Amino acid sequence: MTQTAQHRPTSVQDLKDLVGTRLGPTEWHVVDQAKIDAFADLTGDHQWIHVDPQRAADSPFGSTIAHGLYSLSRTPAFLEELMAFDGFAHSLNYGYDKVRFIHPLPVDSRIRLVAELTSVEETGPGAVKVVTTLTVEAEGIDKPILVAESIGRFSS
């Protein structure tokens, strides 16, 4: 298992210097039926394509698939593998733009994240809005599972 280098920006300039830099990939994360079921229990989304392996076996996918929001909800933890924001006094997940679930994620797949800081905008003294393009990949699948723009706010 290889360890991905973690970036540790501590200033607005450090963040600006990372714009356009490919971060990652992260380590692989296995998405098994137990994790899909736990996510279904947490969210209350028990649609059969996610939680009924027998019925899903007869679907076009041939198995259950993870919720699209499962992959999106993993991105903050994945991003922490790639970058630490402990050099800032405050950090806030401000939301997402352009979230697209490109390809279904079959049960027992392995996923990882590749990220790229796409913009850093100063919003005040020592404060920035950072947009990061997130791409969740699955082993053996040519298309991304998910592409989204994450928006964060950081201040010193």
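Quick caveat: nothing in here was measured; it's all calculated off a predicted structure. The residue numbers shown here count from 1 along each chain, following its written sequence. Local features in this predicted model are restricted to residues of pLDDT 70 or higher, and side-chain atom pairs are both shown and tallied only at a pLDDT of 80 or more, whereas totals for entire chains, interfaces and linings draw on every residue. Side-chain measures were taken over the full set of non-hydrogen atoms in the model, leaving aside hydrogen atoms and water.

### A closer look at the UniProt feature "domain: MaoC-like" (unreviewed entry) in the protein chain
- UniProt positions are given in the numbering used here, feature names are shortened, and annotations may be inferred rather than shown by experiment. Taking the numbering used here, the UniProt-annotated feature "domain: MaoC-like" (unreviewed entry) corresponds to residues 19–136.
- In this annotation, residues 19–136 is assigned 30% helix and 36% strand; the end-to-end C-alpha distance for the span is 19 Å. Each helix is a run of H or I in the DSSP string that is no shorter than four residues. Each strand is a run of E no shorter than two, and both are numbered from the N terminus.

### A closer look at unusual backbone geometry
- Look at the link from Gly-24 to Pro-25: it is a cis peptide, with omega at 15°.
- Within the secondary structure, Pro-25 sits in the loop between β1 (22–23) and β2 (29–31).
- Unusually for a residue other than glycine, Asp-108 sits at a positive phi of about 70°.
- Within the secondary structure, Asp-108 is located in the loop between β3 (90–101) and β4 (109–124).

### Observations concerning helix α2 (residues 33–43)
- Summary of the burial criterion: residues with accessible area below 20% of their type's maximum are buried, those above 50% are exposed, and those between are partly exposed, where the area comes from a 1.4 Å probe applied to protein chains only. Taken together, the buried positions of α2 are Gln-33, Ile-36, Phe-39 and Ala-40. Mapping the buried residues of α2 onto a view down its axis gives an arc of 125°, with all of them on the same face. Counted as exposed and oriented over 90 degrees from the buried face of α2: Ala-34, Asp-41 and Leu-42.
- Buried residues belonging to α2 abut β2, α3 (48–51), α4 (53–57) and α5 (68–82). The arc in question is traced by the directions running from the helix axis to the C-beta atoms. Contacts are residue-level and defined by heavy atoms, with any inter-residue pair within 4.5 Å sufficient.

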